[in-house]
Amino acid sequence: MSIVIAIDGPAAAGKGTLARRLEEHFKLSKLDTGLLYRATGWKVVSGGGDPEDPDVAEAAACALDPVELSNPDLRSDAAAQAASKVSAIPGVRAALLDFQRNFAKNPPVLANGEPAQGAILDGRDIGTTVCPDADAKLFVTASAEIRAKRRFLELQERGLDAIYARVLEDMKERDARDSGRSASPLAAADDALQLDTSNMDADQAFAAALDFINAKNLF
Ligand code: DC
């Protein structure tokens, strides 16, 4: 049986960075599950559809091809908002569940051809719904203001025009939708380590996660 690590939390809390470092450290295969929702939402809006229309969104999720996950447009805020909308639709979540569970159970080989020691999945409902039996669960958070600031700086670094107040508003809107939906809302599993990164840098968050995982003697 291979090891499964689940990382959940709201947008821009530091999940992605932490997942990448753990992926490398423990030689795991990583799945950024937000990309599945982004690709579904993007497919709908770029075809002129309504991401809140359950039939259209579910059809897009069912037709998803893994090659679509590398589309750079998925990083845009438009894709993030579309993702947050399609992800509230139960049929979309159901359509994407098998792919995620299969990845966790049969992690693909690493880029260097070596077998993976396990899988690491990051998202909103990995520890609660997708992999409730994961070997280690982390719930990464930070205040909305800090997360909006990180996102704002990232947009500026990418040379994109951004207004902090607007980024904060979008962040709060997405948080409310992700936490308030009835289908697998953003939530911490009871047995997850809660990691508030508001006053931590990436190294400190990584060290705290390592302590928690190493104490489980999984590897
Ligand atoms: O992590 P992200 O910003 O790429 O996620 C985009 C949206 O996808 C997010 O607003 C909610 C949704 N999502 C989800 O509902 N469940 C997941 N496991 C991952 C993402």
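The rules behind each value
- As a convention, each chain's residues are numbered from 1 in the sequence order in which they are written.
- Given that the model is predicted, a residue must reach a pLDDT of at least 70 before its local features are reported, and side-chain atom pairs must reach 80 or more before they are shown or counted; all residues, however, enter totals for whole chains, interfaces and linings.
- For side-chain calculations, the full set of non-hydrogen atoms in the structure is used, while hydrogens and water are omitted.
- Working definition: helices are DSSP H or I runs of at least four residues, strands are E runs of at least two. Numbering for both runs from the N terminus.
- Here the globule rule is a power law, 2.2 Å times the number of residues to the power 0.38, and the radius of gyration is based on C-alpha atoms.
- A simple rule labels every residue: compare its accessible area, found with a 1.4 Å probe on the protein chains alone, to the largest value its type can have, and call it buried under 20%, exposed over 50%, or partly exposed in between.
- Only heavy atoms matter for contacts: two residues are in contact if any of them lie within 4.5 Å across the pair.
- Per-residue and other accessible areas follow the Shrake-Rupley method at a 1.4 Å probe size, with only the shown protein chains counted as cover for residues.
- When charges are counted, Lys and Arg contribute as positive and Asp and Glu as negative, whereas His and the chain ends are disregarded.
- Lysine's charge is taken at NZ, arginine's at CZ, aspartate's at CG and glutamate's at CD.

*Asks:* A description of the overall build of the chain should follow, citing residues and the corresponding values.
*Replies:* Counting its secondary structure elements, the chain contains nine helices and five strands. Helices and strands appear in the chain in the N-to-C order β-α-β-α-α-α-α-β-α-β-α-α-β-α. In terms of overall dimensions, the chain is globule-like: its C-alpha atoms have a radius of gyration of 17 Å, near the 17 Å expected for 219 residues. By principal-axis analysis of the C-alpha atoms, the chain measures approximately 50 × 35 × 35 Å. When each of the 219 residues of the chain is scored for burial, the buried share is 47%. Of all intrachain contacts in the chain linking residues separated by at least 6 positions in sequence, the fraction that spans at least 24 positions is 80%. Summed over its atoms, the accessible surface of the chain is roughly 10,700 Å², and 51% of this surface lies on carbon and sulfur atoms. Averaged over its 25 positive side-chain charges, the chain has a centre that lies 2 Å from the centre of its 34 negative ones.

*Asks:* I'd like a rundown of unusual backbone geometry, residues and numbers included.
*Replies:* Backbone geometry places Ala12, a non-glycine residue, at a positive phi of 60°. Here Ala12 shows up in the loop between strand 1 (3-8) and helix 1 (15-26). Phi at Asn217 is positive, roughly 50°, even though this residue is not glycine. Checked against the element boundaries, Asn217 lands in the segment after helix 9 (202-214). Take Asn217: its relative accessible area is 66%, and that puts it in the exposed class.

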